Amino acid sequence: MAQFRSKEKKEPPAISTQSLPDIIFMLIFFFMVSTTIRENTLLIKKPQLPKATEYVKLEKKSVVSSIYISAPSIPLQKIYGTQPVIQLNESIEDISKIAQFIETERGSMPANDRSQLTVSLKVDSKAKMGIVTDVKMELRKANALKISYAVIPKH
Amino acid sequence: MKIPLFKSKNMGKKKVPEINGSSMADISFMLLIFFLTATTMETDKGLFRMLPPYQDPSKQQEDVKVLDKDLFVVLVNKDDKLMVEKKPMHSRELRKTLKDFLMNMNNDLEDKQYPGYTEENIPGIGRVKVTKAIVSIQNDRGTSYQKFIEIQNEIVGAYNEVKDYYSLKYFKRNFNDLKESQQDLIKQIIPQKISEAEPKNIGGK
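All values derive from a computational prediction rather than experimental measurement.

A. A look at the overall build of chain A. Scanning chain A from N- to C-terminus turns up five helices and nine strands. A globule of 155 residues ought to have a C-alpha radius of gyration of about 15 Å, yet chain A, at 25 Å, is considerably larger. Taking the principal axes of the C-alpha coordinates as reference, chain A spans close to 90 × 40 × 30 Å. Residue burial in chain A is summarised as follows: out of 155 residues, 28% are buried. Of all intrachain contacts in chain A linking residues separated by at least 6 positions in sequence, the fraction that spans at least 24 positions is 76%.

Right, here's the structure in full:
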């Protein structure tokens, strides 16, 4: 009995944190596998994508290029106004630059993927069709015919 | 006198001190936070569409003859109002109307309501009627993108419902559960032809 009592008086043993690094590493691997490196910092307001139910997923990330259309962010509205503008890569560009943009995107792809180039149009739902149509026309001229209207899934 | 084996074991332990692993958690946390901030989860989801190749307007193009009855015309004006087959309509009814249009075929030229068909031999299924229907969306420059996508969604939805109908009929399964080769066969029965016409600038911006 005496032996038991003396044990009870002892401090509870510290919780072992030996497995903590392993757990965190597991989390890291999860994030490394399931995410991709963020591509662009947006100079425009984050486009509020329209909702749709009949979407398909674009599985192959490497063949997808994005064109953003939305109103400029508030600090840039002095320069570009409040109407929706086009962002290619890291800058707000004129619509005539799209052909050049497609060319560089094609150039950065492996040769056998080039025909699969898909342009994802990330357009704010408040934008008008006028600018979208102009972009589509430019894409046709640049022979980038596969497009996808980016949407948010709705259930 | 001590046992030599016991002694050597004790000495070996003293020589190699344990590496302190407590900072490992901090290092891996740092890495974790890096990946959390520098990456995004989102995969692109969207409505996939093929654009027609660009045609030089200066060159004369041979117009492809399409019968009026094969066309399912959807007009959207700048106030986001819909006109389907010359009748005003709410976008809720679009899916049902288009499904009806895609499921019914009639080669009678007098019948203006439903599209014509061609009979084709599809391996594994046999001779089936393939609709000639083409959906044409015409929008104004002032149409909102929101409405445009809503209409696109309804149209793709109608096509998907018809695909499901044929999949259940021929393979007793939903379209998404079919094998890729079977999906291709269904796609041959119900080809998805959607044309996005150049917008007319009637209402201004």
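B. Representation of the sheet that holds strand β5 (residues 85-88) of chain A. On the basis of which strands lie adjacent, the open sheet formed by seven strands has the order β3(A)-β2(B)-β8(A)-β7(A)-β4(A)-β5(A)-β6(A) and mixed pairing. Every other strand in the sheet has two partners, leaving β3 (56-57) and β6 (91-93) of chain A as the edge strands with one partner each. Against the sheet, helix α4 (residues 145-171) of chain B touches β7 (118-123) and β8 (146-150) of chain A together with β2 (45-50) of chain B, its axis set at about 75° to β2 of chain B.

C. Highlighting the nonpolar core. In terms of nonpolar packing, the biggest core is built from 52 residues, with Ile69, Leu121 and Val151 of chain A together with Val74 and Leu98 of chain B touching the most fellow members. No other element matches α4 of chain B, which puts nine residues into this core. In this view, Val74 of chain B contacts Leu82, Val84, Val135, Ser136, Ile137 and Ile151 of chain B; residues no more than four positions away in its chain are not counted.

D. Inspection of the interface of chain A and chain B at higher detail. Tallying the contact residues gives 47 residues for chain A and 43 residues for chain B. When contributions to the side of chain A that touches chain B are tallied by element, the ones reaching two or more residues are α2 (20-34), β1 (36-37), β3, β7, α5 (129-141) and β8 of chain A. Take the side of chain A that touches chain B: its biggest share by element is nine residues, from α2 of chain A. Of the pairings in the sheet, the one linking β3 of chain A to β2 of chain B comprises two bridges and is antiparallel in character. In the sheet register, Val56 of chain A faces β2 of chain B, and the bridge partner there is Gly46 of chain B.

E. Structural detail: the confidence of the model for chain B. Residues and elements named next belong to chain B. When pLDDT is averaged along chain B, the result is 80, and 86% of the positions lie at 70 or above. The secondary-structure element of chain B with the lowest mean pLDDT is helix α1 (residues 4-15), recorded at 54, while α4 shows the highest, at 89. For this predicted complex, the interface score ipTM comes out at 0.74, while the overall pTM is 0.75.

Calculation criteria
- Residues numbered from 1 in each chain as written.
- Chains lettered and ligands numbered in written order.
- Predicted model: local features only at pLDDT ≥ 70, side-chain atom pairs only at ≥ 80, totals over all residues.
- Helix = DSSP H or I, 4+ residues; strand = E, 2+ residues; numbered from the N terminus.
- Rg over C-alpha atoms; globule rule 2.2 N^0.38 Å.
- Buried ≥ 20, exposed ≤ 12 C-beta atoms within 10 Å, placed from the backbone.
- Contact = placed C-beta atoms within 7 Å.
- Pairing = 2+ DSSP bridges.
- Axes fitted to C-alpha atoms, helices over the stretch in contact; angles between N-to-C directions.
- Core = buried A, V, L, I, M, F, W, Y, C linked by C-beta atoms within 7 Å.
- pLDDT = per-residue confidence, 0-100.

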